[in-house]
Amino acid sequence: MIEYPFGPNALTPLRFLERSRTVYAQRTAYSGPEMSYDYTTFGDRVDRLAGALRDLGISRGDRVSVLAPNTYVALEAHFGVPGAGGVLNALNTRLGASELHYIIDHAGSKALIVDAEMLELGREATRDLDVQLVVAGGDGDEYEDMLDSATPHREIVDDEWSLISLNYTSGTTGRPKGVMYAHRGAYLQSMAMVTQMRLDSDMVFLWTLPMFHCNGWCFPWAITAAGGRHVGLRKVAPDAMWTAMREHGVTHFNAAPTVLSDLSQHEAASGPRLVEPVRVATGGAPPSPRLLADLAELNIEVVHLYGLTETYGPAAICEWRNEWNDLSVQDQARLRARQGVGNIVSDNVRVVDSAGLDVPNDGATIGEVVLRGDNVMLGYYRDPEATATATIDGWFRTGDLGVMHADGYIELKDRAKDVIISGGENIASIEVEQALASHPDVSECAVVAAPDERWGEVPVAFVTLRLGSAVSEQDLIDHVKSRIARYKAPRRVVFGPLPKTSTGKIQKFALRESLVTSLPK
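Residues numbered from 1 in each chain as written. Predicted model: local features only at pLDDT ≥ 70, side-chain atom pairs only at ≥ 80, totals over all residues. Heavy atoms only, no water.

S.K.: For this particular structure, what's the right way to read unusual backbone geometry?
M.R.: Outside of glycine, negative phi angles account for most residues, and trans bonds account for most peptide bonds. Backbone geometry at R198 places phi at a positive 55°, although glycine is not the residue there. Structurally, R198 is set in the loop between α7 (183-196) and β9 (204-206). By relative accessible area, R198 is classed as exposed at 53%. Backbone geometry at R382 places phi at a positive 55°, although glycine is not the residue there. Here R382 is to be found in the loop between β17 (367-371) and α14 (384-389). The exposure class assigned to R382 is exposed, which follows from its relative accessible area of 55%. (Helix = DSSP H or I, 4+ residues; strand = E, 2+ residues; numbered from the N terminus. Buried < 20%, exposed > 50% of the residue type's maximum accessible area, 1.4 Å probe, protein only.)

Structure representation (structure tokens):
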């Protein structure tokens, strides 16, 4: 082995704040409803948080859970918890007490930092657990008192493969699994986001994507690395987003297509066009051509990404090529809807068959998307069996089905569990959804399988219409039939709002359950 007299240092995103507190000392690091401070203060608060956690008995490898909205508390925890040597466990604020109890217990957390507005939920979630509660905000702010009396501390990270965070999956098909992130992976993924999303010290980032979701796709560390400004947002709502964008001069944010749809249709969207372009990363369902056009009119540019909790957030990006700028709006939308290529720290994305062999890059042969690289998890915490099940020849099995195009870009066709098998024919729900979304009156939609005595399964569509629309069920069915094979068209259309996760993704399992419970007995 080669000896390096001057390093290398262990890769850790904690170094980003150390640099930015020097380079951007007096520049605003955080703005929010509770407080605003510069990078000098940001670094000082993080060091005192690390010291306070050490005083609580947190030592190297101990887990610390955090239950808070997108405010300074969640942001500081991304540096202060690992700065104490601990492992951050950011909790989904929309889960119930029993779900949170399971996660905190499984993680073995020693402490819970909880926002004052969520105190009762935090108390219920830690009932019968040996966990120290620290309340942030409200009367008798324990968090601030703890920081005021702490001796600053900064842990030296000497093992870049050690845990920096523990994120739990949604658990829609069983108990949530703890996804282990390493300092090295968080560092590299953050640098990928800086590059791919063009982050710099003049940027202003609005926190709409929850920081508990894949550690906010590593953006707490990425924005800090760039020396940009974090803008906290306690609740994601179109009116609050529009106010923040115009007041703070927001340049970037991340959100699901459903959030973007709500934003584009809000009455505030009819106000003055945003002066500076806003760059938005979105994942999940591909944005429809209509949505992309609406956002472009507002001066909002959309970048389509793809990833999972297991990949530190976005593992692939639909890298835009300048030669596509001269294409028609429809052709551009078709290209933007693809999930793209691996980001700059990812290995090449592959699409493989059941034997683990690459499918032809013909844009038609469907296989499973597999990923590998430094931005893939270390494994599932205390669950080697699940880790093994998700692995094929050293690659992570995503469970997503897609095709590989001739230019090396992947395009998702469905989740394996969402494919509809009707009369022996496979129907990709995404294909039907894209056909529906092309109708000008459709705001958002989802297609799932409904049990059928004759066909086994048939597609059923759930649709939210744009305000003022009077389109009928048959209108939409006919619209789909005019665009794809007639047998793929939904047999029924259910109108109304769609159930969503905390990150804005449509909960198809809830839609499927609603169909089952509505069947005659």
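From this point, the narrative continues.
S.K.: Sorry if this is basic, but what is going on with helix α12 (residues 289-297) here?
M.R.: Residues separated by three or four positions in an α-helix point in the same direction, a consequence of the helix having 3.6 residues per turn. Taken as a whole, α12 has its buried residues at L291, L292 and L295. What you see down the axis of α12 is that its buried residues fit within an arc of 100°, all on one side. In the stretch just after α12, N299 is the one whose phi turns positive, near 75°. (Arc of directions from axis to C-beta.)

S.K.: Can you help me understand the pairing of strand β8 (residues 178-182) in this one?
M.R.: Where a strand is regular, its side chains alternate between the two sheet faces. When you tally the buried positions in β8, you get five out of five residues, the bulk of the element. Sheet topology note: the strand β7 (residues 163-168)/β8 ladder contains five bridges and is antiparallel. Bridge assignment links S165 to a residue of β8, and that residue is Y181. (Pairing = 2+ DSSP bridges.)

S.K.: Help me understand the sheet that holds strand β25 (residues 492-495) in this model?
M.R.: Whenever strands of a sheet pair, they do so through backbone hydrogen bonds, lying parallel or antiparallel. Spatially, three strands are ordered β23-β24-β25 in an open sheet, and the strand pairing comes out mixed. Edge positions in the sheet fall to β23 (442-452) and β25, since each has one partner strand and no second. Neighbour-to-neighbour, the strand axes of this sheet turn through a mean angle of 25°, independent of strand direction. When strand β24 (residues 456-465) meets β25, the two strands line up parallel, connected through four bridges. Residue pairing across strands places V460 opposite R492, the latter belonging to β25. Sitting on the sheet, helix α16 (residues 473-481) is in contact with β23, β24 and β25, with an inclination near 125° to β25. (Axes fitted to C-alpha atoms, helices over the stretch in contact; angles between N-to-C directions. Contact = heavy atoms within 4.5 Å.)

S.K.: Please explain the pattern of salt bridges as it appears in this structure.
M.R.: Two side chains bearing opposite charge may form a pair once their charged atoms approach each other closely. Taken as a whole, this structure holds 30 salt bridges when the rule is applied. Put simply, R48 and D148 hold a salt bridge, and the shortest N to O gap is 3.9 Å. Separated by 100 residues along the polypeptide, R48 in helix α2 (residues 39-55) and D148 in helix α6 (residues 142-149) bring together distant segments of the chain. Owing to a relative accessible area of 22%, R48 belongs among the partly exposed residues under this scheme. In this structure, the salt-bridge partner of R123 is E120, at a minimum N-O distance of 2.9 Å. Residue R123 and its partner E120 are located together in helix α5 (residues 119-125), separated by three residues, close to a single helical turn. Overall, the relative accessible area of 44% leaves R123 in the partly exposed class. (Salt bridge = Lys/Arg side-chain N within 4 Å of Asp/Glu carboxyl O.)

S.K.: I tried to follow the side chain of T398 on my own but got confused; where do I start?
M.R.: With respect to the helices and strands, T398 occurs in strand β19 (residues 395-404). Looking at T398, its side chain comes within polar contact range of the side chain of Y306, at 3.5 Å. Polar contacts involving the side chain of T398 include one to the main-chain amide nitrogen of D400, which spans 3.0 Å. Leaving out residues up to four positions away in the same chain, T398 has contacts with Y306, L308, E368, V369, L371 and R415. (Polar contact = N/O pair within 3.5 Å; in protein donor to acceptor, adjacent residues only side chain to side chain.)

S.K.: How do you make sense of the sheet that holds strand β15 (residues 341-342) when you look at a structure like this?
M.R.: The sheet built from nine strands is open, its strands ordered β2-β1-β10-β9-β11-β12-β13-β14-β15 with mixed pairing. Where the open sheet ends on each side, the last strands, each with one partner, are β2 (36-38) and β15. Of the pairings in the sheet, the one linking strand β11 (residues 252-254) to strand β12 (residues 278-282) comprises three bridges and is parallel in character. Each bridged residue has a counterpart across the sheet, and for F253 the counterpart in β12 is V280. Strand contacts of helix α11 (residues 257-265): β11, β12 and β13 (300-308), with the helix running at about 140° to β12, the strand carrying the most contacts.

S.K.: Is there a simple way to think about the nonpolar core in this case?
M.R.: The nonpolar side chains of a soluble globular protein tend to be buried, and buried together. Judged by nonpolar contacts, the single largest core of 88 residues is most densely connected at F42, I113, Y143, L199 and F219. Excluding its chain neighbours within four sequence positions, the residues that come into contact with Y143 are R45, L49, Y72, V73, E76, I113, V134, V135 and A136. In this structure, M241, V250, L295 and A333 belong to the second largest nonpolar core, which totals 25 residues. (Core = buried A, V, L, I, M, F, W, Y, C linked by side-chain atoms within 4.5 Å.)

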